[in-house]
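# Fold and geometry: a report
Spelled out, the chains give:
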Amino acid sequence: MSQIHTLTMPKWGLSMTEGKVNAWLKEEGASIAKGDDVLDVETDKISSSVEAPFSGVLRRIVAQEDETLPVGALLAVVVEGEATDAEIDAVVQRFQAEFVPGGEDEEASGPAPQKVELDGRTIRFLDRGEGGTPLLLVHGFGGDLNNWLFNHEALAAGRRVIALDLPGHGESGKTLASGDLDELSRAALALLDHLDIQRAHLAGHSMGGAVSLNLARLAPERVLSLTLICSAGLGAEINGDYLNGFVEASNRNALKPQLVQLFSDPALVTRQMLEDMLKYKRLEGVEAALRQLVERLSADGRQQIDLRGVLEQGRHPALVIWGSDDAIIPAAHAQGLPAQVEILSGQAHMVQMEAADEINKLIQAFLAKH
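Not measured: the values here are computed from a predicted model.

## Quick word on the overall build of the chain
Within the chain, the secondary structure is distributed over eleven helices and 16 strands. The C-alpha radius of gyration computed for the chain amounts to 21 Å, which stays within 12% of the reference 21 Å derived for 370 residues, consistent with globular compactness. For the chain, the C-alpha atoms occupy an extent of roughly 65 × 45 × 40 Å along the three principal directions. A fraction of 67% describes how many contacts in the chain between residues 6 or more apart in sequence connect residues 24 or more apart. The averaged location of the 54 negative side-chain charges in the chain is 5 Å from the averaged location of its 32 positive side-chain charges.

## Quick notes on the confidence of the model for the chain
Counting all residues, the mean pLDDT for the chain is 92, and 97% of those residues have values of 70 or more. Segment residues 104-108 is flagged for pLDDT under 50; beyond a separation of four residues in sequence, or across chains, it makes two contacts in the model.

## Considering the environment of Leu126
Examined against the element boundaries, Leu126 turns out to sit in strand 10 (residues 121-128). As a C-alpha pair, Leu126 and Leu319 span 193 residues in sequence and 23 Å in three-dimensional space.

## Some thoughts on the pairing of strand 11 (residues 135-138)
With burial as the criterion, each face of strand 11 is covered, one bearing Leu135 and Leu137 and the other bearing Leu136 and Val138. Looking at chain direction, strand 11 and strand 12 (residues 161-164) are connected through four bridges and run parallel. Within strand 12, the residue paired with Leu136 across the bridge is Ile162. As defined by bridge partners, strand 11 adjoins strand 13 (residues 200-205) across four bridges and the pair is classed as parallel. Directly across from Leu135, in strand 13, lies its bridge partner His201.

## Some words on the nonpolar core
In a soluble, globular protein the nonpolar side chains are often hidden away together inside. Trp24, Leu226 and Leu259 are the most contacted members of the largest nonpolar core, which totals 119 residues. A per-element tally of this core places helix 3 (residues 181-194) first, with eight residues. Non-local contacts of Trp24, meaning those with residues more than four positions away in its chain, are made with Val38, Leu39, Leu58, Ile61, Ala63, Glu65, Leu75 and Ala76. Counting seven residues, the second largest nonpolar core, distinct from the first, contains Leu74, Val77, Val79 and Val92.

## Considerations on the pattern of salt bridges
Within this structure, the stated rule accounts for 16 salt bridges. When the shortest N-O distance is used, the salt bridge between Glu183 and Arg121 registers 2.9 Å. Placement of Glu183 in helix 3 and of Arg121 in strand 10 is noted, with a sequence separation of 62 residues between them. For Asp193, the salt bridge identified is with Arg222, shortest N-O distance 2.8 Å. With Asp193 in helix 3 and Arg222 in the loop between helix 4 (207-218) and strand 14 (223-229), this pair connects stretches of sequence that are 29 residues apart. According to the relative accessible area criterion, Asp193 is partly exposed, its value standing at 42%. One salt-bridge network, in which partners are shared between bridges, spans Lys115, Arg124, Asp144, Asp165 and Glu171.

## Considering the sheet that holds strand 4 (residues 37-42)
Across a sheet, paired strands are connected by hydrogen bonds in the backbone, their directions being either parallel or antiparallel. In spatial order, the strands read 5-4-2-7; together these four strands make up an open sheet with antiparallel pairing. At either end of the open sheet lies a strand with only one pairing partner, and these are strand 5 (47-51) and strand 7 (68-70). Here the strands of the sheet are splayed against their neighbours by 40° on average, with no regard to which way each runs. The pairing of strand 2 (residues 18-24) with strand 4 spans four bridges and is classified as antiparallel. Paired with Val21 across the strands is Val41, a residue of strand 4.

## Side note on the packing of helix 5 (residues 240-248) against helix 8 (residues 286-297)
At a closest axis distance of 10 Å, the pairing of helix 5 and helix 8 adopts a crossing angle of 165°. Between helix 5 and helix 8, the interaxial angle falls into the category roughly antiparallel. In the crossing of helix 5 with helix 8, the sense of the turn from one axis to the other is left-handed. Here Leu243, Asn244, Phe246, Val247 and Glu248 of helix 5 come into contact with helix 8, specifically with Leu290, Arg291 and Val294. For the contact of helix 5 with helix 8, the class distribution of residues is five nonpolar, one polar and two charged.

## A word on the environment of Ser225
Its place among the elements puts Ser225 in strand 14. Given a relative accessible area of 0%, Ser225 falls into the buried group. Between the alpha carbons of Ser225 and Asn251 there is a distance of 40 Å; along the sequence they are 26 residues apart. In this view, Ser225 contacts Ala200, His201, Leu202, Pro317, Phe366 and Leu367; residues no more than four positions away in its chain are not counted. Within polar-contact distance, the side chain of Ser225 engages the side chain of His201 at 2.6 Å.

## Describing the sheet that holds strand 12
Spatially, eight strands are ordered 9-10-12-11-13-14-15-16 in an open sheet, and the strand pairing comes out mixed. Bordering the open sheet on either side are strand 9 (114-118) and strand 16 (340-344), each of which pairs with just one other strand. Put simply, the sheet's adjacent strands are angled 20° from each other on average, direction ignored. As paired strands, strand 13 and strand 14 are joined by six bridges and run parallel to one another. Residue Ala203 lies in a different strand from strand 14, and its bridge partner there is Thr227. Against the sheet, helix 4 engages strand 11, strand 13 and strand 14, with an angle of about 145° to strand 13.

What counts, and where the lines are drawn
Residues numbered from 1 in each chain as written. Predicted model: local features only at pLDDT ≥ 70, side-chain atom pairs only at ≥ 80, totals over all residues. Heavy atoms only, no water. Helix = DSSP H or I, 4+ residues; strand = E, 2+ residues; numbered from the N terminus. Rg over C-alpha atoms; globule rule 2.2 N^0.38 Å. Contact = heavy atoms within 4.5 Å. Lys, Arg positive; Asp, Glu negative; His and termini not counted. Charge placed at Lys NZ, Arg CZ, Asp CG, Glu CD. pLDDT = per-residue confidence, 0-100. Buried < 20%, exposed > 50% of the residue type's maximum accessible area, 1.4 Å probe, protein only. Pairing = 2+ DSSP bridges. Core = buried A, V, L, I, M, F, W, Y, C linked by side-chain atoms within 4.5 Å. Salt bridge = Lys/Arg side-chain N within 4 Å of Asp/Glu carboxyl O. Axes fitted to C-alpha atoms, helices over the stretch in contact; angles between N-to-C directions. Parallel < 35°, antiparallel > 145°, perpendicular 65-115°, else oblique. Left-handed = near helix turned anticlockwise from the far one by under 90°. Nonpolar A, V, L, I, M, F, W, Y, C, P; charged D, E, K, R; others polar. Polar contact = N/O pair within 3.5 Å; in protein donor to acceptor, adjacent residues only side chain to side chain.

Pasting the structure below:
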């Protein structure tokens with residue numbers, strides 16, 4: 001039995017409306033397996049590969065390199081089994097005749113971020129999915145909920161998943177009081193209270209890992225498990241030059257060398273990414289908040305808080321993921337932890353974006369067990 005599949009422009013995050021085809025990684029006539037990278041697409045946020053959601057033969061490439069197309073547009077046709085050229089022509093013609101750019105309704109495009117006042121401060125969050133024990137996603141230093149752009153939707157396929165902007169970040173309130181982990185962790189806890197979530201899985205990246213560990217220390221009964229990705233709080237070493245350089249950078253030329261250190265592929269640091277980050281850094285209160293965090297959490301280029309003891313108590317099952325080439329926090333910090341440890345070869349600090357499919361599968365399998 002043959003099946004004719006249409007490969008379409010994916011939607012990565014709520015703000016994506018179109019993508020540019022950078023390069024095809026497979027040629028017409030090539031056999032592809034589910035999960036294979038088929039082409040590279042660039043958005044106004046980041047460049048990434050489009051993975052095949054099915055197996056078969058790439059029979060027809062429709063989208064050309066350097067072509068910019070809306071979300072949902074036809075990229076290619078993949079066939080499982082046999083199909084004539086005429087049958088493929090008919091599928092392409094019918095798709096193009098029926099396709100309406102931006103025609104998806106609001107429900108299909110997913111929920112929008114929300115804002116709430118908690119303890120006198122605005123907190124922005126994005127709430128997706130339903131069922132199961134909820135998962136809270138906690139971003140790192142200088143980031144926001146969009147750091148989970150390639151993870152949130154996939155992880156929300158079988159459970160409720162919430163991502164937030166920590167205080168001082170994204171569109172949450174910028175003013176910090178103490179600027180320590182307790183303040184950040186209590187803000188996350190306040191959001192769980194607001195959403196009436198009594199117990200949650202936590203997944204934290206970089207500083208967000210330390211926030212998650214600290215939340216588990218403050219309120220262990222509220223945490224079911226911990227997923228820690230390139231996490232702070234597990235060793236003393238940290239790239240202080242990066243942190244200070246990021247805080248000081250006030251233009252693209254100064255910021256780009258800093259952001260490049262986060263990725264294994266420097267081409268992912270696009271002009272739009274730099275502009276978005278500079279726009280955030282120029283908001284009132286951001287520079288002060290970032291300086292406060294650096295001083296409290298990593299003074300003199302050394303992490304100030306050791307949270308390995310949270311895992312050593314054995315109260316919370318933990319998944320620890322690291323990129324082997326992380327230039328910000330060394331993967332060696334994962335050694336000796338009482339946890340499921342996964343080191344992804346060749347990956348850097350933003351591994352949840354660059355190796356999203358693998359990260360999502362690891363998290364889903366881990367959560368299924370706990």
